[in-house]
There are 4 protein chains.
Amino acid sequence: METCKSSRREREKLRQRQDVLDVALQLFSDKGYPNVSMHEIAKEAEFAIGTLYKFFRNKEDLYKALIMQLSDRFYGAITEVIESDAPEIEKLRTYVRVKGELFRNNLAAIRLYFEETRGARFRVLAGTEREIRKRHQSVLLSLAAIFERGMNRKRFRRIVDPFHLALALDSMANAFLFHWIEDPQGNPYPENPDIILNILFKGLIGP
Amino acid sequence: METCKSSRREREKLRQRQDVLDVALQLFSDKGYPNVSMHEIAKEAEFAIGTLYKFFRNKEDLYKALIMQLSDRFYGAITEVIESDAPEIEKLRTYVRVKGELFRNNLAAIRLYFEETRGARFRVLAGTEREIRKRHQSVLLSLAAIFERGMNRKRFRRIVDPFHLALALDSMANAFLFHWIEDPQGNPYPENPDIILNILFKGLIGP
Amino acid sequence: METCKSSRREREKLRQRQDVLDVALQLFSDKGYPNVSMHEIAKEAEFAIGTLYKFFRNKEDLYKALIMQLSDRFYGAITEVIESDAPEIEKLRTYVRVKGELFRNNLAAIRLYFEETRGARFRVLAGTEREIRKRHQSVLLSLAAIFERGMNRKRFRRIVDPFHLALALDSMANAFLFHWIEDPQGNPYPENPDIILNILFKGLIGP
Amino acid sequence: METCKSSRREREKLRQRQDVLDVALQLFSDKGYPNVSMHEIAKEAEFAIGTLYKFFRNKEDLYKALIMQLSDRFYGAITEVIESDAPEIEKLRTYVRVKGELFRNNLAAIRLYFEETRGARFRVLAGTEREIRKRHQSVLLSLAAIFERGMNRKRFRRIVDPFHLALALDSMANAFLFHWIEDPQGNPYPENPDIILNILFKGLIGP
DNA sequence: CATGAATGAGTCTTCATTCAT
DNA sequence: GATGAATGAAGACTCATTCAT
């Protein structure tokens, strides 16, 4: 009974913490980290300001927790794809498709996440930033390994450095997705991952 | 004489304004927009705080002016390349090379610029943002036109939508350059633009 | 049986209340009243925060109770000495000795007590302060009476107003003790009460 | 002219700073350091809150500056007396009289000062506290030297350790003055310094 | 009856902006 | 026209206290 009670409490607390994170995600994504006050988050999440500080030591902490949670989610989904034992081409196709789905289903999160990843959020993310870069690097290396294996198995022509291919694939996927966000009609990416892969797979010049 | 005097005044004033912008660029890039105070800019630029407000209506205004000036510089250089009448392949190669040079020679500006362009500095840039996106879109369209013409002239195989190729080229250039910033040894891009073009030009699969 | 049970409860409750006071004394003395939170006291005393508010209406109340308890203890010990029927000189000597022992054995309490008595802890002690001053005054009057009686019995020369002597003795004892706290080597007071009495008893000038 | 202007500015600023210190002294003395907000000081001194932070880096800084200023004033006046070349007895008499005048003319300051000196103001005064104790110790040593010299010159009987006499004199003066503050009628000290000296000078027992 | 999660008033502090000199 | 002292709104965070469980 004790356990049950404490467990319910625990679950309840986690749920509330998540509520705060959800609200914070939306606000940070809409208005930017410095333009959102703790009071605003508290009000929107329907908690007293003091309660926020039960969940997170300070504003920065809340932000870091949010970013790391998003990173966990994205990195987890991507890693799952990459580590499957599908054939190389299939893996790449799935990678692009899953990435597209992540974008479509987590728009606010994506905006915030890339603001953090690309545009240096200064002083806010010491520590977290390193971890995120490490994960991104690890994804790139995994992609490079896929290309490498594909080359070894004569599935791909060994034309370019595999790591460069990884970098190219990743950046193209991002760019197509950002473009799709701005102009969903003009860019059918998330529906059709092959658009991106075609660019990589078929050479432009001859034969 | 009046004109001459006022003109000298005018020039003087513009020079001072530019001094402020230069200082602001460095500070914003180093510490991030919200972490730089108007006092800090004034002190670093050796102006009285009040004088800053003669040049710019407020902090946001100064920021927008800075971003637009950077955009002018980059957009100008890129446009020049694109609108030359060199052969298509040469144009693309020059585009990639010039972009690389812009990165190498304007690191602070680039960091700030991309923080703004990608990681949306929210609410800060209403208005300016639209103009910048328009310019970016225009560059993409020009690139697409180059691909299109190249296809018409049978220089390129008509495999992918030209606009998608433009998007791909642009994003790959950015990604390689960012990667080069983080790890200058591991990525020879700005020295050798062909790395990027190769990915696009030679197909991976196929004879 | 009811009485017995309720009495046990009562005793238990008093013991717990005392536990809280003991913890509070240590914390207040170590860190100062405003730097100790009710949560800290509760945690240290191993009670729920709500339970504290069963014992004391609020933080100020707890503080007042603590100060009054210390006052009771000190005042009680001092009064006992003063009201004994020893000879005057012996009484004064015992007074000084007992005061020294109180200091030595209740350092934390003494620090807190004097912070309150001398350096007025403003607004915190309305009401309590009056009572404490009354007690202090009463001790001074008793000491004065001892001097007075000593004079009547020709044990002391009637040179100075007895109340002034009381004031002098009390303040000297305090000063020597505070000095001893700061520099236990340089001041042998608590070991040797006569140091203080000598100053009072033997004149510097003459006969 | 430049110099004149800047000097006037300088003087003006110092006067304003002093205004703030005066207001702060009164408020801190009346209500205690933690019970006075920066807003309250600002309002009372008729400055905007931001202006306070031009004069003092933070609340603690303002407090330290205040305490040190008081210390300077008191310590200066006392030192002047002690270092004069009057006869020993005269010096001691002047010391007691000047101390009395300081109390009478600086009641608020005295309350605050002793709150700081005696009742440990925790964490607020790191650094400043050491300096103040040093000064107090130096005064005691000077007084002890006066007693010592008086003994050498056979003005005083060598009955007690001179430093102990210094401690005694200082503490008695404080005690009489505090008593006078509480009950100005019952204690004529500041009018008649000899009351205190008599206790020290004429032995109670003897001749 | 004990508990401790939740509350929110109140604190210190920063900094964009103004305006008298 | 330049200056920089003065302003005060707004934000992060603490902690005494309450009350539903």
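All of these numbers come straight from a predicted model, not from anything done at the bench.

Novice: Can you break down the overall build of chain A residue by residue, with the values?
Specialist: Across its full length, chain A holds nine helices and zero strands. Each helix (α) and strand (β) of chain A, taken in turn from the N terminus, gives the series α-α-α-α-α-α-α-α-α. A total of 207 residues make up chain A; the buried ones form 49% of that total. Counting contacts in chain A only where the partners sit at least 6 residues apart, residues at least 24 apart contribute 65% of the total. Accessible surface for chain A amounts to roughly 10200 Å². Of this, 50% is attributable to carbon and sulfur atoms.

Novice: Explain helix H7 (residues 128-152) of chain A to me, using residue names and the numbers behind them.
Specialist: All names here are of chain A. For H7, which comprises 25 residues, the first-to-last C-alpha distance of 36 Å matches the rise-based estimate of 36 Å (1.5 Å per residue) to within 8%. Taken residue by residue, H7 has Thr-128, Ile-132, Arg-135, Val-139, Leu-140, Leu-143, Ala-144, Ile-146, Phe-147, Gly-150 and Met-151 as its buried positions. One or two positions beyond H7, positive phi appears at Lys-154, with a value near 60°.

Novice: With reference to specific residues and values, describe the protein's contact with DNA strand E.
Specialist: In the vicinity of DNA strand E lie 27 residues, with Gly50(A), Thr51(A), Met38(B), Thr51(C) and Lys59(D) positioned nearest. Taking the atoms of DNA strand E that fall within 4 Å of the protein, sugar and phosphate contribute 61% of them. Between DNA strand E and Gly50(C), the relevant distance is 3.0 Å, taken from a base nitrogen to a main-chain nitrogen or oxygen of the residue. Between DNA strand E and Val36(D), the relevant distance is 3.5 Å, taken from a phosphate oxygen to a main-chain nitrogen or oxygen of the residue.

Novice: If you had to explain the domain arrangement of chain A to someone new, which residues and values would you point to?
Specialist: When the parts of a complex come together, some accessible area is lost, and that lost area is often taken as the interface size. Residues and elements named next belong to chain A. For chain A, the domain assignment lists domain 1 (1-56) and domain 2 (59-201). Contacts between the two partners involve 16 residues from domain 1 and, on the opposite side, 15 residues from domain 2. Summed over both partners, the interface of domain 1 with domain 2 buries about 1500 Å², with 69% contributed by carbon and sulfur atoms. The interface formed by domain 1 and domain 2 holds one salt bridge in total. One can count six residue pairs in polar contact (both at pLDDT 80 or more) joining domain 1 with domain 2. Elements represented by at least two residues in the side of domain 1 that touches domain 2 include exactly helix H1 (2-31) and helix H2 (38-45).

Novice: Go over the packing of aromatic side chains with me, naming the residues and quoting the values.
Specialist: On inspection of all chains with the given rule, the structure shows 36 aromatic pairs over all chains. Both rings, one in Phe74(D) and one in Tyr113(D), keep their centres 5.4 Å apart while their planes meet at 80°; by these two values the pair is edge-to-face. Within this pair, whereas Phe74(D) is found in helix H4 (residues 59-83), its partner Tyr113(D) is found in helix H6 (residues 107-117), the two being separated by 39 residues in sequence. We note that Phe74(D), like Tyr113(D), is buried. Grouping aromatic residues by their ring pairs yields a cluster made of Phe28(A), Tyr33(A) and Tyr63(A).

Novice: Lay out the nonpolar core with the relevant residues and their values.
Specialist: Within the largest apolar cluster, 135 residues are counted, with the highest numbers of intra-cluster contacts made by Ile41(A), Leu169(A), Ile41(B) and Leu169(B). The residues touching Ile41(A), leaving out its near neighbours within four places in the chain, are Val20(A), Val23(A), Ala24(A), Leu27(A), Phe28(A), Val36(A), Leu52(A) and Leu62(A). Counting residues in hydrophobic clusters, the runner-up holds 134 residues, among them Phe163(C), Ala24(D), Tyr189(D) and Ile196(D).

Novice: Give me the pattern of salt bridges: which residues, what numbers.
Specialist: One pass over the full model with this rule turns up 68 salt bridges over all chains. A salt bridge links Arg149(D) to Glu88(D); the nearest nitrogen and oxygen atoms lie 3.6 Å apart. A residue pair is termed long-range when its members are at least 10 positions apart, and Arg149(D) in helix H7 (residues 128-152) and Glu88(D) in helix H5 (residues 88-105) qualify at 61 residues. Arg149(D) gets classed as partly exposed once you look at its relative accessible area, which sits at 32%. Judged by relative accessible area, Glu88(D) falls into the buried class, the value being 1%. Connected through salt bridges with shared partners, the residues Asp72(A), Glu131(A), Lys134(A) and Arg135(A) form a single ionic network.

Novice: Would you mind going over the protein's contact with DNA strand F in detail, with residue names and values included?
Specialist: Taken together, 28 residues surround DNA strand F, and among them Met38(A), Lys59(A), Thr51(B), Met38(C) and Thr51(D) come closest. Among all atoms of DNA strand F positioned within 4 Å of the protein, those belonging to sugar or phosphate total 62%. Those elements that place two or more of their residues in the surface near DNA strand F are H2 and helix H3 (49-55) of chain A, helix H3 (49-55) of chain B, helix H2 (38-45) and helix H3 (49-55) of chain C together with helix H1 (2-31) and helix H3 (49-55) of chain D.

Novice: Run through the packing of H5(D) against H7(D), naming residues and quoting values.
Specialist: Between two packed helices, both the angle of their axes relative to each other and the distance between the axes serve to describe the pair. Residues and elements named next belong to chain D. Running from N to C, H5 and H7 point in directions that differ by 150°, and their axes come no closer than 9 Å. Accordingly, the angle class assigned to the pair H5 and H7 is roughly antiparallel. Seen from above, H5 lies across H7 with left-handed handedness. Across the interface between the two elements, Glu-88, Lys-91, Leu-92 and Tyr-95 from H5 touch Val-139, Leu-143, Ile-146, Phe-147, Arg-149 and Gly-150 from H7. Of the residues contributing to the contact of H5 with H7, the split by class is six nonpolar, one polar and three charged.

Criteria and cut-off values
- Residues numbered from 1 in each chain as written.
- Chains lettered and ligands numbered in written order.
- Predicted model: local features only at pLDDT ≥ 70, side-chain atom pairs only at ≥ 80, totals over all residues.
- Heavy atoms only, no water.
- Helix = DSSP H or I, 4+ residues; strand = E, 2+ residues; numbered from the N terminus.
- Buried < 20%, exposed > 50% of the residue type's maximum accessible area, 1.4 Å probe, protein only.
- Contact = heavy atoms within 4.5 Å.
- Areas by Shrake-Rupley, 256 points an atom, 1.4 Å probe, with all protein chains shown as cover.
- Expected span 1.5 Å × (residues − 1).
- Near = heavy atom within 4 Å.
- Polar contact = N/O pair within 3.5 Å; in protein donor to acceptor, adjacent residues only side chain to side chain.
- Domains from an automatic or database assignment.
- Buried area = accessible area lost by both parts, 1.4 Å probe.
- Salt bridge = Lys/Arg side-chain N within 4 Å of Asp/Glu carboxyl O.
- Phe/Tyr/Trp six-rings, centres within 6.5 Å; stacked < 30°, edge-to-face > 60°.
- Core = buried A, V, L, I, M, F, W, Y, C linked by side-chain atoms within 4.5 Å.
- Axes fitted to C-alpha atoms, helices over the stretch in contact; angles between N-to-C directions.
- Parallel < 35°, antiparallel > 145°, perpendicular 65-115°, else oblique.
- Left-handed = near helix turned anticlockwise from the far one by under 90°.
- Nonpolar A, V, L, I, M, F, W, Y, C, P; charged D, E, K, R; others polar.

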